[in-house]
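Chain by chain, the residues run as shown.
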Amino acid sequence: MGEAAQGFRYVERADGTVVITHHGRVASTLRGGRAAQFLAEVGDDPQLTMARWTGNYRRGNERTARLHPRNRG
């Protein structure tokens, strides 16, 4: 497995909204059921969980995968 994601933080606001930031920039805002589900999941490995929820966990291989013959067309 690759290196663990780093640089993620989250803040739970009074209205129940969860804001996830990556190196100080807002990466995702979760509300309602999605926020509750995230909070239930975040305990085990917070950095990896936040990376998954923001879609920021798969970096570096997108171009290679897109050019693979089975992914064309």
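The structure we're discussing is the one just above.
## A closer look at the pairing of strand β1 (residues 8–12)
The pairing of β1 with strand β2 (residues 18–22) spans five bridges and is classified as antiparallel. In the sheet register, Tyr10 faces β2, and the bridge partner there is Ile20. A loop of five residues connects β1 with β2, the two strands running antiparallel in sequence, and Gly16 in this loop sits at a positive phi of about 95 degrees.

## So, the nonpolar core
Listed in full, the 10 residues of the largest apolar core are Phe8, Val18, Ile20, Leu30, Ala35, Phe38, Val42, Met50, Ala51 and Trp53. Taken together, the elements giving at least two residues each to this core come down to β2, α1 (32–41) and α2 (46–54). Looking at this core element by element, the count peaks at three residues for α2. The residues contacting Val42, other than those within four sequence positions of it, are Tyr10 and Thr49.

Cut-offs applied
- Residues numbered from 1 in each chain as written.
- Predicted model: local features only at pLDDT ≥ 70, side-chain atom pairs only at ≥ 80, totals over all residues.
- Heavy atoms only, no water.
- Pairing = 2+ DSSP bridges.
- Helix = DSSP H or I, 4+ residues; strand = E, 2+ residues; numbered from the N terminus.
- Core = buried A, V, L, I, M, F, W, Y, C linked by side-chain atoms within 4.5 Å.
- Buried < 20%, exposed > 50% of the residue type's maximum accessible area, 1.4 Å probe, protein only.
- Contact = heavy atoms within 4.5 Å.

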